[in-house]
Amino acid sequence: MKKNFMFLAVAALGTVNAFAQEAAAAAETELAGDTMHQVLMQKFLEGGWAWMMPVLVCLVIGLAVAIERMLYLSFSNINTKKFITKFEETLNNEGVEAAKDLCRNTKGPVASIYYQGLDRLDQGMDAVEKAVVSYGSVQTGQMESGLSWIGLFIALAPMLGFMGTVVGMIEAFDQIQAAGDISPTVVAGGIKVALLTTLMGLIAAVILQLFYNYIISKIDNLVNAMEDASITLVDILTAYKK
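The rules behind these values
Residues numbered from 1 in each chain as written. Predicted model: local features only at pLDDT ≥ 70, side-chain atom pairs only at ≥ 80, totals over all residues. Heavy atoms only, no water. Salt bridge = Lys/Arg side-chain N within 4 Å of Asp/Glu carboxyl O. Helix = DSSP H or I, 4+ residues; strand = E, 2+ residues; numbered from the N terminus. Buried < 20%, exposed > 50% of the residue type's maximum accessible area, 1.4 Å probe, protein only. pLDDT = per-residue confidence, 0-100. Contact = heavy atoms within 4.5 Å.

1. A few points about the pattern of salt bridges
All chains considered together, the criterion is met by four salt bridges. Its salt-bridge partner being Glu-97, residue Lys-100 comes within 3.9 Å of it at the nearest N-O pair. Of this pair, Lys-100 and Glu-97 both sit in helix H5 (residues 96–104), three residues apart, roughly one helical turn. Ionic pairing is found between Arg-104 and Asp-101, a salt bridge with its closest N-O pair at 2.3 Å. With Arg-104 and Asp-101 both in helix H5, this residue pair falls three residues apart, about one helical turn. Residue classification places Arg-104 among the partly exposed residues on the basis of a relative accessible area of 45%. What you see here is one network of salt bridges that share partners, running through Glu-97, Lys-100 and Asp-119.

2. Thoughts on the confidence of the model for the chain
In this model, the chain carries a mean pLDDT of 77, and residues with pLDDT of at least 70 account for 74%. This stretch, residues 1–24, has a pLDDT under 50; its non-local contacts, to residues over four places away or in other chains, come to seven contacts. Taken together, the stretch residues 26–33 has pLDDT below 50 and engages in four contacts with residues farther than four places along the chain or on a different chain.

In structure tokens, the structure reads:
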């Protein structure tokens, strides 16, 4: 246990030192006239395509899935209170078919649930409640579609970075063995390249984690709105049948 703790402590200190060195190098490069984009590209190339590219692929695909989910959830979000008020007025004044048309022409899971419940009104309130619960689960599953991929890339990106670091450290020790010398100039390049892959993996994981948490919060809000609207739908249809 103590050996593991010491190893983790040394690794953490090495990572912090690498962060400081990279920040200083970036500042010096910017003073020399290079942009941050050029600095990042330089560090990416220094890390090596073999390990940097898989991490970059995880980041790009994860961002693509996250953006698609965010757009889907944004388009699914409506003013629920306004819709419920209009639905109740349409049902009471124009009848069931007009209320169905309203649901068909309104985007979002709440309108879809209302349509499914209204479509089974002639079968009784028990059928309506079962349809609302079942279709609510379907809508929740659709909103959560793709989140498992984002979670996979959040876990995979740092692991690939750590793997590149381990391979780089092995190469650095091979250089020490070949040179028969442990001087910093012999191993500094290999260790720097190894730590760059870990840095890239952690950056990718942090970015994807922020998007993942935002999407989860949006889904929770929509699910809460769906549950509240479902209770209101049962009350509205019960009053309408009476």
